[in-house]
Amino acid sequence: MKTRKLLMIPGPTPVARSIQDQMGRETVAFGDPAFVKDFKDLLEDLKVLFKCSGEAFVVAGTGTMGMEMAIANTTKKGDNVLIVSHGFFGDRFIDLCNRKGLNADVISSEWGETVPVEKIREKLKEKKYAAMTVTHVDTSTGVCASVAEIGKMMKEFPETMYIVDGVCATAGEPEYVDEMGIDVLLTGSQKAFGVAPGLTMLWVSQKAMDRRKSLGTIPEFYIDFEKWLPIMKDPSKYYATPAVNLVWALKESVRIIKEEGIENRYARHKKYAAAMQDALETLGFKVLAKEGCRAVTLSNLVYPEGTDDAKFRGLLAEEGIMVAGGLAAYAGRMFRLGHMGNVDKHDLVSVIATIERALYRAGMPVELGKGVGVVQKHLME
Ligand code: PMP
């Protein structure tokens, strides 16, 4: 019999049966009154859950499209954009902005650390920035940015649109759009929402909608807020075909979130992350992100000296879990483990036990059950 393979990469994350079932439903016309109602209700729920008094958008595409959509609708050629980068995905905004003829300034941290808020403030004072991007959780480093604290500081710079990439955070890390002063929050369906890849969601403040209006016609066609806004107001209208089954899948994910309670979901992610990070450190790995800026959605684990990455991850796959490798300078030196979305206690215990078996088979020093014991203790707290 084959061992089931748990999907523990930092997205896509495990898709619950009831969400899969929505994708297996017979597809209907996007103008079908029942679907139109489902889509409308979903958009309303998204605004309420993430406390956004502006607009919510759900469009077929991936997180990268959400990044591009945020920039395209808030800036014009020649504008200055400040990119606050804590890793690979923060840096992704650089090329994106350069290609659009924007002047991109970047402030970066060492991998595993964050840029101090004071440093961001000083940079913003240098010139007029049309927008600033912050990656809430950079998946390459497992670092979580102080989105709320930065938002508070941004009140001093009302002309700069505060764009937050929530791809690896939204529905796992607390995000309150109005309260945090976020102008555009963007995310994807495949991470803490636990839906298959393929949808981008955005929450947009009234201020950012006004900015979009002031830009007139923009060069981008598919990702224009003004093209999609009438559809978000009335999904029976047509602009470009919505991903009907993915919209249903996201609606089911939102139903699960409401049933759990979003605050409980945030607390669960925090508890699970502490359990996993404690257990993995007990097993000899080092969490890359410094204490105080660690994400709750994933852990990036630096190997003990002498670990063969390909062999270790190969053994993990044989033993039944899929994890991701390190990126850029950390390729071969680290693995990345997702623990977000609809993962439960069974998954946590099983993942740590599987890692212990892989270490054992790799001939690394490990006391079987030691990491599992740590997880169990956290779960009983
Ligand atoms: N931002 C972050 C923080 C991400 O983790 C990712 C994907 N790993 C992206 C953006 C890009 O999303 P996608 O791969 O869905 O285009």
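I will try to describe carefully the structure that is included in this document.

About the thresholds
- Residues numbered from 1 in each chain as written.
- Predicted model: local features only at pLDDT ≥ 70, side-chain atom pairs only at ≥ 80, totals over all residues.
- Heavy atoms only, no water.
- Salt bridge = Lys/Arg side-chain N within 4 Å of Asp/Glu carboxyl O.
- Helix = DSSP H or I, 4+ residues; strand = E, 2+ residues; numbered from the N terminus.
- Buried < 20%, exposed > 50% of the residue type's maximum accessible area, 1.4 Å probe, protein only.
- Phe/Tyr/Trp six-rings, centres within 6.5 Å; stacked < 30°, edge-to-face > 60°.
- Lys NZ or Arg CZ within 6 Å of the ring centre and 35° of its normal.
- Contact = heavy atoms within 4.5 Å.

**A short note on the pattern of salt bridges**
Within this structure, the stated rule accounts for 27 salt bridges. Between K37 and D41 there is a salt bridge; the shortest N-O distance is 2.6 Å. With K37 and D41 both in helix α2 (residues 33–49), this residue pair falls four residues apart, about one helical turn. For D41, a relative accessible area of 26% gives the class partly exposed.

**Some details on the packing of aromatic side chains**
Considering all chains together, one arrives at 18 aromatic pairs under this definition. Ring plane angle 85 degrees and centroid distance 6.3 Å describe the contact between Y176 and Y266, whose orientation is recorded as edge-to-face. On the criterion of sequence distance, the pair formed by Y176 in the loop between β8 (161–165) and β9 (184–188) and Y266 in helix α10 (residues 262–282) is long-range, its members being 90 residues apart. A single burial state applies to Y176 and to Y266, both of which are buried. Through successive ring pairs, a cluster of aromatic residues spans F221, Y222, W228 and Y239. The side chain of R333 reaches across the aromatic face of Y330, ending 4.4 Å from its centre.

**Some thoughts on the side chain of E319**
Within the element layout of this structure, E319 appears in helix α11 (residues 309–319). Apart from residues no more than four positions distant in its own chain, E319 is found in contact with T3, T354, R357, A358 and R361.

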